[in-house]
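Topology and contacts: notes
What follows is each chain in one-letter form.
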Amino acid sequence: MPSFFIPARNSRHRTACFALYRALLQQAPRIPLPDDLATAWGPANPIRHLIRRTFRRNRSDTSPRIIYPALKAGYQILALLRSAASSPSSTSPNADHASIISFLRARLAERNRSLAAKEAHPPHSRNPPKPSSAPRPDTITLLVNVTPAPTPQNPNPKPVYATPSRPRPASELGGTGRRKIPRLDIASDFPIMRVTKPQPPLLSRVLTQKIRKRVERTESVQASWEEAIPGAELEDEWEKSMASLLEQENRARADSDGKNGNRNWNRRAIDFTSAEAREASAIRDEYRAQSTFRQTVWLYSIQHVQDLLTKEREDQIARADAMRNLIEEETKLAEQERAQRSLERRKRWEAKMLELHGEGWRELFPNLKET
């Protein structure tokens, strides 16, 4: 046999495998099974299910060293199934039928244990549930907003945050009892506190929502500058042109009445109480008060969103300040606890030396530094 021989690409090998596969599937329904085993794997026949699963698992095998024992075992199972199918009745089965029943019961017990283990430990199952990003009811808030209430002297106070639940005392530290100093990190300009790994799904969801909201606001400001502002400027130019045309029309009408000898020409030239004159006067007043389309778009679209972004930035700065203060406090406590552990370890060592060498144990260590 050549070294490059691939059984799956050989027509005679494929024909033999398919013939064995069909023969095994044909013999499976002929085996009488108890009711608890017949429906244990669902509506499908359990023997057929195991045959299909075994062939599917070995489908990628290409080494003759592995394929030959597999085919040999397949022919032995076929002989076993034929012998079990030839049993006179289900009440008096032969030894081959009993071996099949015991094998199926062992596989069923193994399957039940595996399913129970997956239910007890879902992260270790083949299809673990997706971790939830919803807040847990027992979650303790790290940062608490303690911004002072606005006053007439300070109507817009800067945000202030505190950390009442941190730092925790050494008695409440779990695990090894050693304090882990958190780390301040930045995720797209949003300060976050990293304490454990991996990153909690709740934190990922909150960061995603905040980043998307800020991107939407930034894009809305850009769209207003590129689309809304030019359109508003065109509207202002149109209104300005209409006011100028109305004023010219009123003056031309007054001049025409005066030339035609109309008695009311002087009063019409001065009186601007007509609808056209009032509209032109209103447009001019809007320009003087800067109440234009462009000003409205800038005030209620661009300036409003920029104020929101500024407030968000100030809020993130306040959060970062509170986190930095917390890290400084945690660092100081960690240094104190480290020094305390070193002192206790030194005391235990001195007590051991006193027990082993007596009162003169210090003479054995002339270079020993006093604590």
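Figured I'd write up the structure that's included with this text. None of the values given here were measured: they were computed from a predicted structure. Along every chain, residues carry numbers that run from 1 in the direction the sequence is written. In view of the model being predicted, local features appear only for residues whose pLDDT reaches at least 70, and side-chain atom pairs are presented and counted only at 80 or more, with totals across whole chains, interfaces and linings using the full set of residues. Based on all heavy atoms of the structure, the side-chain values leave hydrogens and waters out of the count.

1. Section: the overall build of the chain
Think of it this way: any DSSP run of H or I at least four residues long counts as a helix, any run of E at least two long counts as a strand, and we number them from the N terminus. For the chain, the count of helices and strands is 9 helices and 4 strands. Going from N to C terminus, the chain has its helices and strands arranged as α-α-α-α-α-β-β-β-β-α-α-α-α. Looking at the chain as a whole, 20% of its 371 residues are labelled buried. For this analysis, residues touch if any pair of their heavy atoms sits within 4.5 Å. In the chain, of all internal contacts separated by at least 6 residues, the share reaching a separation of at least 24 is 62%. Residue exposure ignores everything except the shown protein chains as possible cover, and the areas themselves are Shrake-Rupley values with a 1.4 Å probe. Carbon and sulfur atoms form 53% of the exposed surface of the chain, whose accessible area is close to 27100 Å². Only protein chains enter the calculation, and the probe is 1.4 Å; a residue is then buried if its accessible area is under 20% of its type maximum, exposed if over 50%, and partly exposed in between.

2. Side note on the nonpolar core
Counting residues in hydrophobic clusters, the biggest one holds 19 residues, and the most contacted among them are Ile47, Leu81 and Leu104. For this core, the elements supplying multiple residues, two or more each, are α1 (11-27), α3 (46-57), α4 (64-85) and α5 (95-120). Excluding its chain neighbours within four sequence positions, the residues that come into contact with Leu81 are Leu24, Gln27, Ile31, Ile47, Ile51 and Ile100. Put simply, a nonpolar core is a bunch of buried Ala, Val, Leu, Ile, Met, Phe, Trp, Tyr and Cys residues held in one set by side-chain atoms that sit within 4.5 Å of each other. Counting residues in each nonpolar core, the second largest holds 8 residues, with Leu143, Met193, Ala318 and Leu326 among its members.

3. Quick word on the side chain of Asn10
Inspection of the secondary structure puts Asn10 in the segment before α1. The class of Asn10 is buried, set by a relative accessible area of 18%. There is a polar contact of 3.0 Å between the side chain of Asn10 and the backbone nitrogen of His13. Polar contacts here mean pairs of N or O atoms no more than 3.5 Å apart (in protein, one a potential hydrogen donor and the other a potential acceptor; neighbouring residues in sequence count only if both atoms are side-chain atoms).

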